[in-house]
Amino acid sequence: MAEWDNPDVELLHDINGLARQAPDWADHLMEYVGEYGTIVALAVLGLWAWWTARRRPDAVTAVAGLVWAPLAAGVAVLVNVPIREFVERPRPFLTHDGLEVLVDGKRDFSFVSDHATLAMALAVGIFMVNRRLGLVGILVAVFAGVCRVYMGVHYPTDVIGGLALGTAVALLLAPVALALLTPLMRAMAASPRIGRLVSVPPEPVARAGEPDAERQPQDRDLVA
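Because the structure is predicted, anything quoted here is derived from the model rather than measured.

**Let's talk about helix H3 (residues 59-87)**
The end-to-end C-alpha separation of H3 is 42 Å, in line with the 42 Å expected for 29 residues at 1.5 Å each. Of all the bends found along H3, the most pronounced is centred on Pro70 and spans about 25 degrees. Within two residues after H3, Glu88 carries a phi angle of roughly 55 degrees, on the positive side.

Now the structure itself:
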């Protein structure tokens, strides 16, 4: 079967071919986004989700889920180590000519993509706590995978495998992780020093037509 009869290779050349046609500034932008930008974006989404989760009624469980997100990413990358060594798939630019490679120094095995694995594990961890931000994170993770193909350092199936691996680790190990992390978050929430990292009490809201609590003593003094 010829190289161009392989859909994986065809899609690789189609996506990477965009880098050959794009201006240099666009390639540099995609290189930065593919290497660092998507992970930074997911970290910002995670912090945003944490900031809002502290004010939820289920703050302890929600924050435990967000702590699991980066831990899941680390576990998924570790799980990928033996997978890469078993499959031993070379980087695409080592076996296919004519690719535009935007980043040097990638000589380890290609399947599965660490970036896609890490990004999707983070995104799924956020999604389990905050659906809206999690959906944005999943789109960011998919875009991270597209960037890796655009850069010429991964096949599309490397990315698909990474997205699947990150999802599987984040979801399948979540019950065990939450069973361990929730008591820890509960203990932190009870601490007067670091409790606000986990839970922030809601501010009292005065009802319409009623003076707030701070003004009541003053009002009584005026009446007297």
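**Thoughts on the side chain of Asp27**
In this fold, Asp27 is placed in helix H2 (residues 24-53). Buried charge without a salt bridge: Asp27, with Arg20 as the nearest opposite-charge side chain at an N-O distance of 9.1 Å. Within polar-contact distance, the side chain of Asp27 engages the side chain of Tyr150 at 2.7 Å. Excluding anything up to four places from it in sequence, Asp27 contacts Ala19, Ala22, Leu102 and Tyr150.

**Overview of the side chain of Ser110**
Checked against the element boundaries, Ser110 lands in the loop between helix H4 (92-95) and helix H5 (114-127). Owing to a relative accessible area of 0%, Ser110 belongs among the buried residues under this scheme. Of note is the side chain of Ser110, whose polar atom sits 2.2 Å from the side chain of Asp158. Not counting residues up to four positions away in its chain, the partners in contact with Ser110 are Arg89, Pro90, Arg91, Pro92, Val153, His154, Tyr155 and Asp158.

**Concerning the packing of aromatic side chains**
Across all of its chains, the model carries two aromatic pairs by this definition. Between Trp50 and Trp51 the ring centres are 5.9 Å apart and the planes differ by 65 degrees, which places this aromatic pair in the edge-to-face class. Owing to a relative accessible area of 47%, Trp51 belongs among the partly exposed residues under this scheme. Against the face of Trp51 rests Arg54, its NZ or CZ located 4.2 Å from the ring centre.

**Some details on the pattern of salt bridges**
Scanning the model with the defined rule gives seven salt bridges in all. Here Asp108 makes a salt bridge to Arg84, at a shortest N to O gap of 3.1 Å. Separated by 24 residues along the polypeptide, Asp108 in the loop between H4 and H5 and Arg84 in helix H3 bring together distant segments of the chain. As a salt-bridge pair, Arg89 and Asp158 come within 2.8 Å of each other at their nearest N and O atoms.

**Considerations on H2**
Taking 1.5 Å of rise per residue, 30 residues should cover 44 Å, and H2 covers 41 Å from first to last C-alpha, within 8% of that figure. In the structure, H2 departs most strongly from a straight axis at Val33, where the bend amounts to approximately 55 degrees.

Rules used in this analysis
Residues numbered from 1 in each chain as written. Predicted model: local features only at pLDDT ≥ 70, side-chain atom pairs only at ≥ 80, totals over all residues. Heavy atoms only, no water. Helix = DSSP H or I, 4+ residues; strand = E, 2+ residues; numbered from the N terminus. Expected span 1.5 Å × (residues − 1). Bend = angle between axes of the 7 residues up to and from the residue. Buried < 20%, exposed > 50% of the residue type's maximum accessible area, 1.4 Å probe, protein only. Lys, Arg positive; Asp, Glu negative; His and termini not counted. Salt bridge = Lys/Arg side-chain N within 4 Å of Asp/Glu carboxyl O. Polar contact = N/O pair within 3.5 Å; in protein donor to acceptor, adjacent residues only side chain to side chain. Contact = heavy atoms within 4.5 Å. Phe/Tyr/Trp six-rings, centres within 6.5 Å; stacked < 30°, edge-to-face > 60°. Lys NZ or Arg CZ within 6 Å of the ring centre and 35° of its normal.

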